[in-house]
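Residue strings, one per chain:
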Amino acid sequence: MSNFTKTFSSSLGKKLVMALTGIFLCTFLVVHLVGNLQLFKDDGGQAFNAYAYFMTNFGPIKIVSYLLYASIIIHAVYALLLTAGNKKARPVAYAVQKGSQNSPWTSRNMGILGTILLVFIVVHMGDFWWKYHNAELPYAKYEISLEDPSIINVSEVAYSDKLLVHSEVVDVQAGKRIVVSKDLYKVVNNAFQTWWYVLLYVVAMAALSFHLIHGFKSAFQTIGWDNSKLVPIIRFLGVWVFGVLIPLAFAAMPIYFFFK
Amino acid sequence: MSNNMNLTLKVWRQKNAEAKGELVSYQADHVSPDMSFLEMLDVVNEGLIKKGDDPIHFDHDCREGICGSCSLHINGRPHGPKQGITTCQLHMRSFNDKDTIVIEPWRAEGFPVIKDLATDRSSFDRIQRAGGFISVNTGGAPDANVIPIPKVIADEAFNSATCIGCGACVAACKNASAMLFVSAKVSQLALLPQGQPERSRRVQAMVAQMDAEGFGSCTNTGACEAECPKEISITNIARMNRDYFSAKLFKSEE
Amino acid sequence: MKLDAKIPQGPLAEKWSKHKFNLKLVNPANKRKYTVIVVGTGLAGASAAASLAELGYNVKAFCFQDSPRRAHSIAAQGGINGAKNYQNDGDSIYRLFYDTIKGGDYRAREANVYRLAEVSVNIIDQCVAQGVPFAREYGGLLDNRSFGGSQVSRTFYARGQTGQQLLLGAYSALNRQINLGKVTMYTRHEMMDVVTVDGEAKGIVTRDLINGAIETHAAHAVLLCTGGYGNVFYLSTNAMGCNVTAAWKAHKRGAYFANPCFTQIHPTCIPVTGDHQSKLTLMSESLRNDGRVWAPKTKELAEKLRKGEIKVTDLKEDDRDYFLERKYPAFGNLVPRDVASRNAKEIVDEGRGVGTSGIAVYLDFAESIARLGEDAVRAKYGNLFDMYQQITDENPYKQPMRIYPAVHYTMGGLWVDYNLQTTVKGLYALGEANFSDHGANRLGASALMQGLADGYFVIPYTVGDYLATVAPKPVDTSHPAFEETKKVVVERINKLLSLKGNKTVSEYHRELGHIMWEYCGMARTEEGLKKAKGLIQELKSDFWKNAIVTGVNEEFNQNLENAGRVADFLELGELMIDDALDRKESCGGHFRLESQTPEGEALRDDENYAYTAAWEFKGENQPEGLHKEELVFENVKLTQRSYK
Ligand SMILES: Cc1cc2nc3c(=O)[nH]c(=O)nc-3n(C[C@H](O)[C@H](O)[C@H](O)COP(=O)(O)OP(=O)(O)OC[C@H]3O[C@@H](n4cnc5c(N)ncnc54)[C@H](O)[C@@H]3O)c2cc1C
Ligand code: HEM
Ligand code: SF4
Ligand code: FES
């Protein structure tokens with residue numbers, strides 16, 4: 001085995017993989033959130049659909065997205081490997097073990113939290129990502145006033161395999177910009193009308209919160225970033241940004257649509 | 001004394017490494033709060049011996065918290081309910097009359113049970129042997145004051161060096177990971193100027209041996225640090241990770 | 001046999017250098033053809049095993065703990081002396097030599113002690129090179145503290161755990177050699193006997209403590225580094241496993257036992273609380289740098305304190321007797337251990353003791369805390385204070401500690417010559433197991449020094465002198481002596497296992513301890529010692545009838561282990577009494593009430609007792625033979641020790 005492969009098959013190496021993929025997923029979350037904030041725009045989904053198109057068709061972003069899929073898979077596979085190895089490291093369990101007195105709950109349940117996340121990711125990608133790529137979605141037509149872009153007229157266009165995923169024409173005479181795009185916004189909107197679906201999202205975001213309250217700082221500990229000046233910042237980001245803000249913002253979306 | 005206690009013990013009894021073990025109940029009566037936990041067990045054992053029964057076996061030697069021999073998992077926690085002490089320093093005043101106390105051995109693949117509460121921790125020795133030293137022969141040392149070492153560094157190295165090799169970190173960890181122990185040992189020498197020449201070789205060899213012994217992977221739960229009788233910090237783990245990755249990924253092979 | 005200490009001729013300061021030159025050398029290519037057994041992996045054993053392996057010898061090392069790192073050297077708190085004179089306060093090799101000889105009450109060999117002082121400087125260098133984290137000053141250089149019995153600061157320390165740090169250093173050197181295949185390490189192995197062939201040591205018999213296997217091991221030389229026998233007193237600051245078995249078995253195979261009655265009672269230990277007590281905890285001597293020892297001025301006050309009618313903090317300055325400062329103005333609280341201990345005993349005997357039992361005096365930090373601040377005191381002694389509070393449930397920052405002397409160290413041990421060889425050829429004794437350097441009383445911080453001196457810097461030279469006379473032929477255990485010795489071991493184990501009486505081994509041990517403490521402890525009398533001898537003999541014969549030993553040999557059997565050790569202690573106890581009876585003078589830790597100055601200090605008798613008593617085993621239940629090694633003092637003048 002070369003030194004390189006040996007590194008990643010060692011216990012520390014596996015952890016490094018977890019940490020790096022984990023941090024990468026965290027950065028993706030930020031990007032994903034910023035994009036998804038478009039959902040809150042009262043424009044009939046125009047900005048959101050435009051963003052969805054951009055994310056799936058812009059070259060460099062596409063490469064990043066493959067990296068992302070790979071990261072999720074690698075993160076999950078290594079999580080499984082590590083968890084299996086850790087189970088083997090204690091073949092006989094304690095009759096009594098009071099983990100609660102020496103470690104936070106989140107840190108002891110990363111596997112379960114991660115599994116919830118994985119289930120969620122599969123459902124989530126199936127419902128939105130797969131549909132967006134493969135299903136025969138209806139299109140939305142946005143007629144946006146050139147004078148005042150906040151005046152938008154939305155209408156539905158039936159699916160046709162001749163339509164481009166996204167097209168844009170400016171009709172100067174009519175004073176309008178006409179945008180036709182696959183209407184992922186509608187899919188989202190429809191999906192979030194079902195209570196249990198909303199609940200699934202909220203639960204998953206709770207899991208995300210707990211996963212990251214521990215995971216974010218843990219990743220930096222794993223790569224050995226424990227500079228005394230950085231640690232407080234990492235802890236703050238881990239708890240307040242990744243543990244609270246981001247999951248709350250994501251969870252707000254289904255709730256918003258449900259009650260809209 | 002009037003404030004003596006009566007306790008129920010549930011103790012792991014296992015004849016030898018191959019035998020199946022079980023929790024067995026014993027009554028410990030008239031226990032003085034001034035007794036140490038091990039002295040309480042001594043008394044129970046005296047009773048067993050008088051009946052011709054096999055006494056409860058457990059490792060112990062110095063009984064003052066420094067040799068690292070004693071190693072009991074008491075009511076779900078290594079070295080019992082108090083922080084910063086070993087089992088031999090635990091006193092019965094930390095318990096109450098009529099308590100039930102469950103006593104188990106360290107549980108880990110790397111620490112197989114030998115008998116009852118005694119486990120085989122020679123894995124720690126093997127990890128140390130793999131690289132936990134500075135290669136200096138007797139006689140060849142320069143004057144001790146030739147290399148000044150800033151006090152902060154010396155103190156930090158000292159903090160790492162206080163590890164007594166008890167294994168409570170492994171016992172506490174849900175993954176039975178030995179990272180706290182190994183990182184404390186690696187850190188002590190990595191911090192000191194004397195340890196620099198072998199720094200990269202040392203960390204790689206010790207981690208490789210740690211893995212070979214079947215310890216789990218660290219998930220940074222911090223249980224080790226919370227249960228370590230010498231309060232060794234998990235900063236050591238971060239430091240070791242850093243050293244290991246830089247040795248593996250950025251240093252040419254030695 | 002006439003004792004020959006093999007002390008080299010010539011001026012004191014040149015003896016060791018000259019001797020090293022005169023010692024025979026083993027050809028480097030031949031070293032790997034020799035096997036040396038090292039029993040014990042404390043400071044003495046680990047340093048010896050590592051150093052010999054570095055030279056090229058094959059080493060087999062043994063310890064009864066589960067790891068070499070757990071030898072009882074680990075427990076030393078205070079520090080290690082080194083005549084470095086880093087503090088520029090007038091220290092020198094000669095001063096360390098002088099302090100040690102004087103501290104030992106002139107009952108040690110000049111040549112040995114001088115060598116010890118000489119190599120002390122190399123020890124510090126060696127340890128630092130290994131990465132031992134000694135305390136440092138802000139400038140980055142090594143810090144020192146002062147210790148009892150000396151007026152210079154020469155003690156190197158690592159917070160309150162110097163022993164652990166030094167042992168981890170030696171252990172790392174040992175580990176390196178194990179890793180290189182030069183040392184084979186046998187843990188959880190107890191040495192049960194020495195195998196001698198034609199009067200020379202050729203191997204040992206061991207018991208594997210996990211499965212009871214009785215094994216024989218052959219070698220060209222055997223080193224015993226098995227520590228002290230303080231546990232003969234049952235309660236001591238030693239670890240539970242400390243024992244005399246290895247040394248005692250060697251004694252029975254022809255090695256003389258020297259000065260067995262010289263035991264050190266350490267003045268500052270946490271007092272006994274009850275019958276359940278299994279061991280005593282030392283509060284480092286370094287505490288006497290800042291703590292003041294006192295007792296209530298009158299019996300009446302002490303009585304009230306014991307009954308809880310008044311609190312210690314209620315006592316005014318006028319009601320306190322800082323007895324060490326009062327009696328020894330020059331050294332004050334830093335008088336040597338024997339003096340401090342004896343004075344505490346006197347106070348208790350006068351009825352001025354404190355604590356519920358009345359068997360304790362105070363060690364008070366109030367003045368230091370007022371002068372330096374609580375934080376400074378915490379930085380210096382925090383871990384000791386915590387340890388005290390953990391055990392006693394009292395806060396020493398708020399009220400004085402209660403302390404009382406406890407058995408701590410044994411100056412006596414196997415007799416060795418200047419080369420550390422016992423009276424059995426090829427059998428060496430190092431560290432606390434030998435008697436060599438501390439005379440009748442050991443100064444603080446000098447046992448660690450001696451263990452490492454023996455292992456790192458003496459034995460690597462002297463063992464070669466013997467090996468060079470032995471053919472470098474491979475060794476094996478085929479000689480019938482191995483089988484015979486093994487048989488003796490097995491028979492004894494079977495005899496122990498056949499004991500199915502009604503008294504536990506620990507009960508015998510506790511009783512033996514009481515006898516030793518009462519009659520052979522801090523003060524000894526002819527009458528008491530004679531009584532004790534009878535009591536021990538009775539106890540011993542009762543042991544072999546009524547003790548209970550459970551289980552079988554072929555298992556992990558701690559009860560059996562303990563039984564073997566206590567049986568040996570019972571024999572040793574009697575020899576200690578004999579030795580104490582023989583020495584009618586007071587010296588160091590051996591205080592005969594019949595021999596004191598008008599002020600009640602120990603009165604030596606140099607005319608009649610300036611010798612080392614070396615005892616020869618003459619057969620079971622036979623009186624032992626006394627051999628005297630006269631001590632010759634060419635450099636220091638024998639004076640009555642005075643710390644006033
Ligand atoms: C609490 C305490 C504090 C002390 N503080 C200081 C101090 O501050 N400064 C100082 O200089 N000295 C101090 N001392 C004294 C000093 O620590 C010891 O004298 C010294 O460490 C002894 O070292 P050693 O190598 O001779 O023996 P030990 O360290 O006792 O080692 C004995 C070894 O022999 C092995 N062994 C014993 N019997 C057998 C057997 N039958 N078979 C196989 N193996 C066996 C053991 O396993 C162990 O490895 C202190 C002692 C105590 C008890
Ligand atoms: C959005 C998705 C996810 C993100 C952002 C994320 C992030 C992280 C981070 C940052 C860590 C810390 C790494 C470390 O401790 O070094 C981590 C650990 C972990 N993750 Fe995830 N993760 C995600 C999804 C998952 C999934 C789907 C699983 C399960 C299959 C999972 C299982 C785990 C486990 C078990 C750990 C702990 C492993 C360890 O600390 O060694 N994670 N994750
Ligand atoms: S790190 Fe702490 S818990 Fe682990 S072996 Fe060392 S002293 Fe024991
Ligand atoms: S017995 Fe030595 S640490 Fe507990």
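Caption draft 1: How the structure looks around the overall build of chain A. Helix and strand counts for chain A stand at 9 helices and 4 strands. Reading chain A from its N terminus to its C terminus gives the helix and strand order α-α-α-α-α-α-β-β-β-β-α-α-α. Dimensions of chain A, computed from C-alpha atoms along their principal axes, come out at roughly 75 × 45 × 40 Å. Put simply, chain A has 260 residues, and 41% of those count as buried. Within chain A, contacts between residues at least 6 apart in sequence are counted, and of these 71% link residues at least 24 apart. When the accessible surface of chain A is summed, it comes to about 13,800 Å², and 70% of that surface belongs to carbon and sulfur atoms.

Caption draft 2: Structural detail: the overall build of chain B. Each helix and strand in chain B was counted, giving 8 helices and 7 strands. Projected onto its principal axes, the C-alpha coordinates of chain B cover approximately 65 × 40 × 35 Å. Summarising the internal contacts of chain B: among those between residues at least 6 apart in sequence, 70% fall at separations of at least 24. A total accessible area of about 8,300 Å² is found for chain B, and carbon and sulfur atoms account for 50% of it. With 27 positive and 31 negative side-chain charges, chain B shows a separation of 2 Å between the mean positions of the two kinds.

Caption draft 3: Spotlight on the pairing of strand β1 (residues 35–39) of chain C. Residues and elements named next belong to chain C. The buried fraction of β1 amounts to 5 of the 5 residues, a majority that puts the element mostly inside the structure. Both faces of β1 are covered, namely the face carrying Thr-35, Ile-37 and Val-39 and the face carrying Val-36 and Val-38. Handedness of the crossover is the feature at issue here: the chain leaves β1, passes through helix α3 (residues 43–55), returns alongside strand β2 (residues 58–62), and the resulting connection is right-handed.

Caption draft 4: Local environment of empty space enclosed by the protein. All names here are of chain C. Tallied over the full model, the rule gives 14 cavities of 30 Å³ or more. For the largest cavity, the calculated volume is near 830 Å³. Contributing to the lining of the largest cavity are 50 residues, with His-72, Ser-73, Gly-227, Gly-228 and Glu-432 lying nearest its centre. Among the secondary structure elements, those contributing two or more residues to the lining of the largest cavity are α3, β7 (189–197), α7 (245–252), β16 (401–410) and α13 (447–467). Among the residues forming the lining of the largest cavity, the class breakdown is 20 nonpolar, 24 polar and 6 charged. The space that makes up the second largest cavity amounts to roughly 190 Å³. Its residues assigned to classes, the lining of the second largest cavity comprises 3 nonpolar, 8 polar and 5 charged.

Caption draft 5: Structural detail: the coordination of the iron atom of ligand 2. Residues and elements named next belong to chain A. His-75 (NE2) and His-211 (NE2) make up the full set of protein donors to the iron atom of ligand 2, lying at 2.0 to 2.1 Å. What the 6 donor atoms of the iron atom of ligand 2 show is an angle range of 85 to 180° at the metal, which sorts the shape as octahedral. Of this pair, His-75 sits in helix α4 (residues 59–88) while His-211 sits in helix α8 (residues 195–223), placing them 136 residues apart in sequence. Taken individually, His-75 and His-211 each receive the classification buried, so the pair is uniform in this respect.

Caption draft 6: Structural context of the site of ligand 3. Around ligand 3, 13 residues are found, and the nearest of them are Cys-163, Cys-166, Gly-167, Cys-169 and Cys-228 of chain B. Those elements giving two or more residues to the shell around ligand 3 turn out to be α4 (168–172) and α5 (179–191) of chain B.

Caption draft 7: Spotlight on the interface of chain C and chain B. Counting residues at the interface gives 77 residues for chain C and 74 residues for chain B. Inspection of the chain C/chain B interface yields 8 salt bridges. Taking the shortest distance from any N to any O, the salt bridge between Lys-279 of chain C and Glu-64 of chain B comes out at 2.7 Å. Run the count over chain C and chain B and you get 48 residue pairs in polar contact (both at pLDDT 80 or more). For the side of chain C that touches chain B, the elements supplying multiple residues, two or more each, are α3, α5 (110–130), α6 (162–179), α12 (374–392), α13, α15 (505–520) and α17 (558–582) of chain C. By residue number, the principal contributor to the side of chain C that touches chain B is α6 of chain C, which donates 9 residues.

Caption draft 8: How the structure looks around the site of ligand 1. The local shell around ligand 1 holds 38 residues, among which Gln-65, Ser-73, Met-191, Glu-432 and Leu-448 of chain C are the closest. Among the chains of the assembly, those with residues near ligand 1 are chains B and C. Between a nitrogen atom of ligand 1 and a main-chain N or O atom of Gly-79 of chain C, the distance comes to 2.9 Å. The cavity where ligand 1 resides is the largest cavity. Among the elements that take part in the shell around ligand 1, β7 of chain C stands out by supplying 3 residues, more than any other. Tallied by class, residues from the shell around ligand 1 come to 16 nonpolar, 18 polar and 4 charged.

Caption draft 9: Representation of the domain arrangement of chain A. All names here are of chain A. Segmenting chain A into domains produces domain 1 (3–135 + 184–259) and domain 2 (138–182). Facing the 12 residues of domain 1 at the interface are 11 residues of domain 2. Buried surface at the junction of domain 1 and domain 2, both sides included, amounts to about 960 Å², of which 57% is carbon and sulfur. When the buried area of domain 1 at its contact with domain 2 is split by residue, Gln-46, Tyr-53 and Tyr-132 rank highest and sum to 45% of it.

Caption draft 10: Just the side chain of His-79 of chain B, in detail. Residue and element names in this part refer to chain B. Looking at the element boundaries, His-79 is found in the loop between β4 (77–78) and β5 (100–104). Classification of His-79 as buried rests on a relative accessible area of 0%. Looking at His-79, its side chain comes within polar contact range of the main-chain nitrogen of Thr-87, at 3.0 Å.

Caption draft 11: Here's a closer look at the pattern of salt bridges. Summed over all chains, the structure comprises 74 salt bridges over all chains. With its nearest N and O atoms 3.8 Å apart, the salt bridge here joins Lys-618 of chain C to Glu-616 of chain C.

Caption draft 12: Looking closely at the domain arrangement of chain B. Residue and element names in this part refer to chain B. Segmentation of chain B into domains returns domain 1 (5–114) and domain 2 (122–250). Between domain 1 and domain 2, the C-alpha centre-to-centre distance is 29 Å. Taken residue by residue, the interface counts 20 residues in domain 1 and 20 residues in domain 2. Of the roughly 1,400 Å² buried between domain 1 and domain 2 on both sides combined, carbon and sulfur atoms contribute 57%. Linking domain 1 with domain 2 are 1 salt bridge, by the criterion used here. Put simply, Arg-77 and Glu-227 hold a salt bridge, and the shortest N to O gap is 2.7 Å. Applying the counting rule to domain 1 against domain 2 returns 5 residue pairs in polar contact (both at pLDDT 80 or more).

Caption draft 13: Representation of the sheet that holds strand β3 (residues 73–74) of chain B within the structure. Residue and element names in this part refer to chain B. An order of β2-β1-β5-β3-β4 is seen for the 5 strands of this open sheet, with the pairing classed as mixed. Every interior strand has two partners, whereas the edge strands, β2 (22–31) and β4, have only one. Pairing of β3 with β5 involves 2 bridges; the strand directions are antiparallel. Counted as the bridge partner of Ile-74 is Ile-103 from β5. Helix α1 (residues 37–50) contacts β1 (5–13), β2, β3 and β5 of the sheet and is inclined by roughly 100° relative to β2.

The rules behind these values
Residues numbered from 1 in each chain as written. Chains lettered and ligands numbered in written order. Predicted model: local features only at pLDDT ≥ 70, side-chain atom pairs only at ≥ 80, totals over all residues. Heavy atoms only, no water. Helix = DSSP H or I, 4+ residues; strand = E, 2+ residues; numbered from the N terminus. Buried < 20%, exposed > 50% of the residue type's maximum accessible area, 1.4 Å probe, protein only. Contact = heavy atoms within 4.5 Å. Areas by Shrake-Rupley, 256 points an atom, 1.4 Å probe, with all protein chains shown as cover. Lys, Arg positive; Asp, Glu negative; His and termini not counted. Charge placed at Lys NZ, Arg CZ, Asp CG, Glu CD. Right-handed = clockwise from strand over helix to strand, strands pointing away. 1 Å grid on protein atoms, 1.4 Å probe; cavity = no way out; pocket = protein on both sides within 12 Å on 5 of 7 lines; lining within 4 Å. Points joined across faces, edges and corners; volume = space filled by probe spheres on them. Nonpolar A, V, L, I, M, F, W, Y, C, P; charged D, E, K, R; others polar. Donors = N, O, S within 2.8 Å, 3.2 Å for Na, K, Ca; no water. Tetrahedral: all angles 85-135°; square planar, octahedral: opposite > 155°, others 65-115°. Near = heavy atom within 4 Å. Salt bridge = Lys/Arg side-chain N within 4 Å of Asp/Glu carboxyl O. Polar contact = N/O pair within 3.5 Å; in protein donor to acceptor, adjacent residues only side chain to side chain. Sits in = over half its atoms within 2 Å of the grid points. Domains from an automatic or database assignment. Buried area = accessible area lost by both parts, 1.4 Å probe. Pairing = 2+ DSSP bridges. Axes fitted to C-alpha atoms, helices over the stretch in contact; angles between N-to-C directions.

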